[in-house]
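Now for the letters of each chain:
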Amino acid sequence: ASGAVVTGYHYDGPENLLVQLEGDKEVILLRPSAMENLYYMATADVEADVRLQDDGSARVAGLRVANRSSSGHSVIDVADAQQAAQFPLYAQAAGVNCKVGAGDVLYIPSFWHHAVATTPNENCTGLSLNLWFYHPDQPSDVKDAVSRWKLRRP
C-alpha cells in the first residue's frame, strides 16, 4: 500500500511484543476497562479469496464472507473522524498514543485494546513482527484483565 494502513480497535489474548522492522506505526493503546466505550459488536468475518494460478502465482479474486463471526473488533473506524463521532461513548475513551519506528519494540499486554496505523517507508515497505506469548499468570479473558488492571495505577 502506498499510504497508511489502519487496523481498528481489537485485543489479543496473548501478550505481544510488536517489533517494527520497516516503516512506522502509530498505536493507540487502551486499558481493558475501556471496552464499553469502543463498541465491540459481533460481525461477520471476511477472508481473501486467493487462487493459485497454473504458473504458481497467486491471484486475489476478492473477499468472501467466512462461515463465522467475530466479536473481538470494534466497529469504530479510527481513520474516519466523522464516523467515529457517531459513537458518543468513544469520546470518553482515554489511552496512550505510541509512535513506533524501525528498530523499536512495543509491549502490548494481553486484552489491551489497540488500533494501529502503519505508514510505509520511502520504499513503500511497512513490516512488523508480532511475538505473541502466554505465561501462566496472565488474564484468562477481558473481564479478568479488567479486574487485574484495576488494582494498578490509573
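Residues numbered from 1 in each chain as written. Predicted model: local features only at pLDDT ≥ 70, side-chain atom pairs only at ≥ 80, totals over all residues. Heavy atoms only, no water.

Engineer: For this particular structure, what's the right way to read the environment of Val142?
Structural biologist: Among the secondary structure elements, Val142 is positioned in helix H2 (residues 142-150). According to the relative accessible area criterion, Val142 is buried, its value standing at 11%. Between the alpha carbons of Val142 and His114 there is a distance of 13 Å; along the sequence they are 28 residues apart. (Helix = DSSP H or I, 4+ residues; strand = E, 2+ residues; numbered from the N terminus. Buried < 20%, exposed > 50% of the residue type's maximum accessible area, 1.4 Å probe, protein only.)

Engineer: How do you make sense of the sheet that holds strand E3 (residues 24-30) when you look at a structure like this?
Structural biologist: Two strands in a sheet stick together by hydrogen bonds in their backbones, pointing the same way (parallel) or opposite ways (antiparallel). Spatial ordering of the open sheet is given by E1-E8-E3-E6, a layout of 4 strands whose pairing is antiparallel. Across the chains shown, the open sheet's two edge strands, defined by having one partner strand only, are strand E1 (5-10) and strand E6 (96-100). Shown here is a sheet whose adjacent strand axes are inclined to one another by a mean of 15 degrees, direction ignored. (Pairing = 2+ DSSP bridges. Axes fitted to C-alpha atoms, helices over the stretch in contact; angles between N-to-C directions.)

Engineer: Please explain a nonpolar patch on the surface as it appears in this structure.
Structural biologist: On the surface, Leu21, Leu127, Leu129 and Leu131 cluster together to form a nonpolar patch covering roughly 320 Å² of accessible area. Sort the elements by how many residues they give to the nonpolar patch and strand E9 (residues 127-133) lands first, with 3 residues. The class of Leu21 is partly exposed, set by a relative accessible area of 40%. (Patch = residues over 30% accessible without salt bridge, like charges linked within 9 Å, V, L, I, M, F, W, Y side chains within 5 Å. Areas by Shrake-Rupley, 256 points an atom, 1.4 Å probe, with all protein chains shown as cover. Salt bridge = Lys/Arg side-chain N within 4 Å of Asp/Glu carboxyl O.)

Engineer: Sorry, what's going on with the packing of aromatic side chains here?
Structural biologist: Two numbers describe a pair of aromatic rings. These are the distance of the centres and the angle of the planes. What the rule picks out here adds up to 5 aromatic pairs. Here the aromatic rings of Tyr11 and Phe111 are separated by 5.7 Å at their centres, their planes lie at 45 degrees, and the arrangement is tilted. Of this pair, Tyr11 sits in the loop between E1 and strand E2 (15-22) while Phe111 sits in the loop between strand E7 (105-108) and strand E8 (113-119), and the two are 100 residues apart along the sequence. Ring centres 4.7 Å apart and planes at 55 degrees place the aromatic pair Tyr39 and Phe87 in the tilted group. With a gap of 48 residues between them, Tyr39 in the loop between E3 and strand E4 (43-52) and Phe87 in the loop between helix H1 (81-84) and E6 connect regions that are remote in the sequence. Side by side, Tyr39 and Phe87 carry an identical accessibility label, which is buried. What links up through ring pairs into an aromatic cluster is the set Tyr11, Tyr40 and Phe111. (Phe/Tyr/Trp six-rings, centres within 6.5 Å; stacked < 30°, edge-to-face > 60°.)

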